[in-house]
Amino acid sequence: TARSKETVLFRFPPFPTSFPSSPSPPLSNRAAHALPPSSTDRSLPAAGAMESSDPSPAAVSKTQEISVPPVEGVAGGGTSYGWVDGGLQGSHLGSSVIDPTKVHSADLLHVWSMPSTANVSQQEAPRPLEHVNLLAARNERESFQIALRPKVSWASSGIAGPVQIQCTDLCSSSGGRLVVGQSITLRHVVPILGVPDALVPIDPSSPQINLLPGETTAVWVSLNVPCGQEPGLYEGEICITAVRTDSDSKADSLPKSERYQLYKELKTCLDITESRDHSSSEEMILRLSSTSTTLRRMLVLPAFQDCHENNGLGDMMDEDVMNNVAVRVKLSLTVWDFTLPLTPSLPAVFGISETVIEDRFCLEHGTKGWYDALDHHFRWLLQYRISPFFCRWGDSMRILAYTCPWPADHPKANEYYSDPRLAAYAVPYAPILSCTDAAKNSLRREVEILKTEAHWSKAYFYLWDEPLNMEQYEVIRNISNELRTYTPDVRILTTYYAGPSGSELAPSTFEAFTKVPNVLRPHTQIFCTSEWVLGTREDLVKDIIAELRPDLGEEWWTYVCMGPSDPQPNWHLGMRGTQHRAVMWRAWKEGGTGFLYWGTNCYEKAMIPSAEICFRRGLPPGDGVLFYPGEVFSSSKEPVASLRLERILSGMQ
């Protein structure tokens, strides 16, 4: 980040990898067996296209000539953390209290658009207003951001002021339409540990957010194109308007004496006009005349003085007034004439901790509330082209992984496994945590039912996370032998980042790592390796693949966890947007046929839904957390996506 001619490096203690120039953190013991080579940072392509357009005349008159740092996705720059817009000046609006209904919003705040790969920090400097131009296929989501920064304060309650964000439907010349609230959503970007990450939904019935003095705020706009949408160019606009606060509006309400006078006059009118039987026409005329006199008396009350001066327009923030003072962001979306498949071509299996759900939402395992909570999380994550699995961890990294909480003979099970959005599903190996006869019988019934279904080709068993020694490898082989007695075409997934300790597979650590398939064949079909091992050595991929036997149904998947670290792709908090998106790009480029991520909701333990989110100690911030409980931010029970989760979707698409 830069200010004047000085270069200043800012560090945030809570997270270690926010800047390309900072040294990479030391590797943890978890990956001590596989040290990746060093790397240099590389620029990655932009997420979308944005074209310049002329802002409103009022905005032009107030725009200052300023120098701003480049933004990743626009000019290949970084995150802009620590940027100080010291050269900016506010509009000359005088020293009196500002009424936003009488001042163009361009004089009160900066508005500009940013790509979805940009981390819009609170210190982000304003930029010229741009026309947003996006491209999308059917069944694809495209997103961008609108950044807002106050020039002055127009509220009296400690904030700079509230703004209202309204978006029109996007329409095509042939009559196609993308509707706000269905295909178009707005979310407020909320910082976590000072880093923009949580995407809190904005209520469509009251689309307002508060701006703080000297801080930039971002709104995340997503366009979801349905599968049946006709192709073409869709256009609309987003209007940003500075509005009055509730407290300011209440300050202008009628005093009690005037309200009482209005009440008396209105009641008099009702009494006069109230119908009475056998009233003569003369009496009726007299009553109407008296009512007219009373109503005229009401119109000259002080409360209606502004209405006289403005020919009855008054001081209302109605639609016409808002249209006159709003900043407009033009929005175009080109929908291509092809559709992304419902079933992702790359299976991406992501874990959801059932124990975190049980603790935070105070749910007893197996109750109706427990099933409802798991079902809600499962269906919510499917929209991100993710194949979720629930997990419970045992000792020594044993894991109970399952996609459906209900047994295979339950109607819900076929509904889950047959969902075309699900690319792969985990079958529970119940004896992994409790090796009883009942658990074994349950497993046998589960496999016998599932193996007859058409979706059985999507099934896998995930038994052990990162086995470290020959004893743990032997457990996997024994379980495999048991499962193969039920069906010979069983698929077992094993994650690892090193060869088993105590073995003499090869003279070097990496060679021992590549020889793992020889130890686990035929007891593992999906060999899932850490990207940390490769570092930047893409040429090492061929050594891994060379040991696999595709003719035996063996596949190579990859995963990220604590590593790799900056500047390589991962999903840590504070990394650049293209690092988040490129995780899936890398998996595809290296030739992997699937991907695994260990956890999406693995916060520190809490016993109430609204408890503060704390990342787990010993892990990089954000590791294992891709969404937040809605109760942390509002009364909503809908999970709140992270900005990183949206970028995962972009990478998958």
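Since we're looking at a predicted model, the values are computed, not measured. Numbering of residues starts from 1 in every chain and runs along the sequence as written. Per-residue local features of the predicted model are confined to residues with pLDDT of at least 70, and side-chain atom pairs are confined, for both listing and counting, to 80 or more; whole-chain, interface and lining totals are unaffected and use all residues. Hydrogens and waters are ignored; side-chain quantities use all the structure's heavy atoms.

1. Examining the environment of Leu-643
Mapped onto the elements, Leu-643 comes out in helix α16 (residues 643-652). Considering only alpha carbons, one finds Leu-643 and Leu-626, 17 residues apart in sequence, at a separation of 8.3 Å. For this analysis, residues touch if any pair of their heavy atoms sits within 4.5 Å. Not counting residues within four places of it along the chain, the set of residues in contact with Leu-643 comprises Asn-119, Gln-145, Val-189, Pro-196, Asp-197, Leu-199 and Trp-220. Numbering of helices and strands starts at the N terminus; helices are DSSP runs of H or I of at least 4 residues and strands are runs of E of at least 2.

2. Thoughts on the confidence of the model for the protein chain
As a per-residue quantity, pLDDT reports the predictor's confidence and falls between 0 and 100. Here the protein chain shows a mean pLDDT of 83. Residues at 70 or above account for 79%. Contacts from residues 1-67, a stretch scored under 50 in pLDDT, to residues over four places away or in other chains number 119 contacts. Per-residue pLDDT stays below 50 along residues 71-91; that stretch engages in 69 contacts with residues further than four places along the chain or on separate chains.

3. Looking at the packing of helix α15 (residues 577-590) against α16
Axis definition: a line fitted to C-alpha atoms, over the contacting stretch in the case of helices. Angles run 0 to 180 degrees between N-to-C directions. Following both chains from N to C, one finds α15 and α16 inclined at 40 degrees, their axes separated by 7 Å at the closest point. Looking at the two axes, α15 sits oblique to α16. Of the two elements, α15 crosses α16, and the hand of that crossing is right-handed. For the pair formed by α15 and α16, the contact residues are Gly-577, His-580, Arg-581, Met-584 and Trp-585 on the first element and Arg-644, Arg-647, Ile-648, Ser-650, Gly-651 and Met-652 on the second. Looking at side-chain class alone, the contact of α15 with α16 contains four nonpolar, four polar and three charged residues. Roughly parallel here means an angle under 35 degrees, roughly antiparallel means over 145, roughly perpendicular means 65 to 115, and every remaining angle is called oblique. Handedness of a crossing follows from how the near helix is turned relative to the far one, being left-handed for an anticlockwise turn of less than a right angle and right-handed for a clockwise one. By the convention adopted, Pro, Cys, Tyr, Trp, Phe, Met, Ile, Leu, Val and Ala count as nonpolar, Lys, Arg, Asp and Glu as charged, and the other residues, Gly among them, as polar.

4. Points about the nonpolar core
Burial of nonpolar side chains together is a common tendency in soluble globular proteins. Note on terminology: a nonpolar core comprises buried Ala, Val, Leu, Ile, Met, Phe, Trp, Tyr and Cys residues joined through side-chain atoms within 4.5 Å. Only protein chains enter the accessibility calculation, which uses a 1.4 Å probe; a residue is then buried when its area is under 20% of its type maximum, exposed when over 50%, and partly exposed in between. Grouped together as the largest cluster of nonpolar side chains are 105 residues, with contacts concentrated most on Phe-350, Phe-389, Phe-461, Trp-571, Phe-595 and Leu-645. Per-element accounting of this core gives the leading share, seven residues, to helix α8 (residues 368-382). Boundary definitions for the domains trace back to an automatic or database domain assignment. Looking at which domains feed residues into this core, each of domain 1 (105-245 + 319-337) and domain 2 (348-652) supplies at least three. For Leu-645, the residues in contact, after removing those within four places along its chain, are Trp-380, Leu-381, Tyr-384, Ile-386, Leu-626 and Phe-627. Ile-98, Ile-146, Ile-184 and Val-327 belong to the second-largest nonpolar core, a separate cluster that totals 39 residues.

5. Observations concerning the sheet that holds strand β16 (residues 348-353)
Note on sheets: strands pair through backbone hydrogen bonds, and any given pair is parallel or antiparallel. Whether two strands pair depends on DSSP finding at least two bridges between them. Sheet architecture is open: nine strands sit in the order β18-β17-β16-β24-β23-β22-β21-β20-β19, paired in mixed fashion. Each edge of the open sheet is held by one strand with a lone partner, namely β18 (399-402) and β19 (425-426). Strand direction decides the pairing type here: strand β22 (residues 526-530) and strand β23 (residues 555-559), joined by five bridges, are parallel. Within β23, the position partnered with Phe-527 by the bridge is Trp-556. Its contacts with the sheet place helix α11 (residues 470-486) against β20 (459-465) and β21 (492-496), and it is angled at close to 155 degrees to β20.

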